[in-house]
Amino acid sequence: MDGMPLRSTFKRRQRLKSLLAGVTSAVLLAASQLACASTELASSPSHVPTASSHLESLGFMEQVDAFVVPGDIGPNDTWLHIDLLGRRLIVLRGNERLDAIPYVAYGASGYRRVRVQGSSQTPVGVFTIQRVNDQSKFRTFMEFDYPTPNAAWAARAMGLLSDAEYRHFQSFRTQHGMSPPNTRLGGHIGLHGLGRSDEWTHKRRDWTEGCIAVTNEEIDRIERWIDVGSKVVVRG
């Protein structure tokens, strides 16, 4: 009687060893198949399209990064989205893309949210076109309402505008419906063509004193859609 439990235990151990051996074989087989599949994928780049190859198959309009339509723009309002880092300008009606400019130049000293007079920097933010000059030396000049109330408030907090200068800004905006050009933050910032400026230079470096520049043909295209009151989103 004492020998029966020992034989049963021995048989159970044998069965357990056989079961473990079977599981180990299955795991090794699965790992081998996975390694083969990974090797096939690595040796076949076209198996899964990369982001770059996908973009190469798309036109310029589809390559533009996604962006948010400002809340105060209606479905029938035309506006501009300008990406300084990507050097791209998009003309939109609501969220419908109407036209695209593949290259823009901007301030020779870069960009920032609050720019000051003489800095040769381009301001970023949300602006409204407050004036259009068709007789500009740059062919057409679309003036932004910079400094905006938000920019003036930030400048005051940063110590760039005194309390008196800030009150002058507010009074001028209330009286004239546009931003004053004679504060420390400067003014007369906008979008324009080249006029007689050199297009070769335009395509190779940032050359403006703070405005955003496109070619004469491109500013003519933009003017078909954009006028006083149109919104402009400039991001860096």
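Residues numbered from 1 in each chain as written. Predicted model: local features only at pLDDT ≥ 70, side-chain atom pairs only at ≥ 80, totals over all residues. Heavy atoms only, no water.

(A) Structural detail: unusual backbone geometry. The omega torsion across Y146 and P147 is 0°, close enough to zero to call that bond cis. Looking at the secondary structure, you find P147 in the loop between β7 (139-144) and α4 (149-158). Phi at H188 takes a positive value of approximately 55°, unusual for a residue other than glycine. Mapped onto the elements of the fold, H188 is located in the loop between α5 (163-176) and β8 (190-192). Take H188: its relative accessible area is 45%, and that puts it in the partly exposed class. (Helix = DSSP H or I, 4+ residues; strand = E, 2+ residues; numbered from the N terminus. Buried < 20%, exposed > 50% of the residue type's maximum accessible area, 1.4 Å probe, protein only.)

(B) A look at the sheet that holds strand β10 (residues 231-235). Reading across from one edge, β3-β2-β1-β10-β6-β7-β8-β9 is the order of the eight strands in this open sheet, with mixed pairing throughout. Since the sheet does not close on itself, it has two edges, and those belong to β3 (96-101) and β9 (212-213), each with one partner. Set on the sheet, helix α7 (residues 216-223) makes contact with β1 (78-83), β2 (88-93), β3, β6 (125-136), β7 and β8; between it and β7 the angle comes to about 55°. (Pairing = 2+ DSSP bridges. Contact = heavy atoms within 4.5 Å. Axes fitted to C-alpha atoms, helices over the stretch in contact; angles between N-to-C directions.)

(C) Fine view of the packing of α4 against α5. Running from amino to carboxyl end, α4 crosses α5 at an angle of 170°, the nearest separation of the two axes being 10 Å. Of the possible angle classes, the one that applies to α4 and α5 is roughly antiparallel. Mapping the contact onto sequence places P149, A152, W153 and R156 in α4 and D163, Y166, F169 and R173 in α5. Along the lines of polarity and charge, the residues of the contact of α4 with α5 split into five nonpolar, no polar and three charged. (Parallel < 35°, antiparallel > 145°, perpendicular 65-115°, else oblique. Nonpolar A, V, L, I, M, F, W, Y, C, P; charged D, E, K, R; others polar.)

(D) How the structure looks around the pairing of β3. With five bridges connecting them, β2 and β3 associate as antiparallel partners. If you follow I90 over to β3, its bridge partner there is A100. Connecting β2 to the antiparallel partner β3 that follows it, the hairpin turn spans two residues, and G94 within it adopts a positive phi of roughly 65°.

(E) Broad picture of the packing of aromatic side chains. Using the criterion set out here, one finds six aromatic pairs in the structure. For the ring pair Y166 and F169, a centre distance of 6.5 Å and an interplane angle of 20° mean the geometry is stacked. Here F169 and Y166 lie together in helix α5, a separation of three residues that amounts to about one turn. When its relative accessible area of 9% is taken as the criterion, Y166 is described as buried. The class for F169 is buried, based on a relative accessible area of 3%. Members of the aromatic cluster, each reached through a chain of ring pairs, are F127, F144 and Y146. (Phe/Tyr/Trp six-rings, centres within 6.5 Å; stacked < 30°, edge-to-face > 60°.)

(F) Examining the layout of surface pockets more closely. In this structure, the largest pocket occupies an estimated 400 Å³ of space. Around the largest pocket sit 21 residues that line it, and F138, H188, I189, E209 and C211 are the ones nearest its centre. Residue classes in the lining of the largest pocket are distributed as six nonpolar, twelve polar and three charged. (1 Å grid on protein atoms, 1.4 Å probe; cavity = no way out; pocket = protein on both sides within 12 Å on 5 of 7 lines; lining within 4 Å. Points joined across faces, edges and corners; volume = space filled by probe spheres on them.)

(G) Expanded view of α5. With 14 residues, α5 extends 20 Å between its outermost C-alpha atoms, agreeing within 8% with the 20 Å of an ideal straight helix rising 1.5 Å per residue. Contact partners of the buried residues in α5: α4. Where α5 terminates, the next one or two residues include G177, which has phi positive at roughly 70°. (Expected span 1.5 Å × (residues − 1).)

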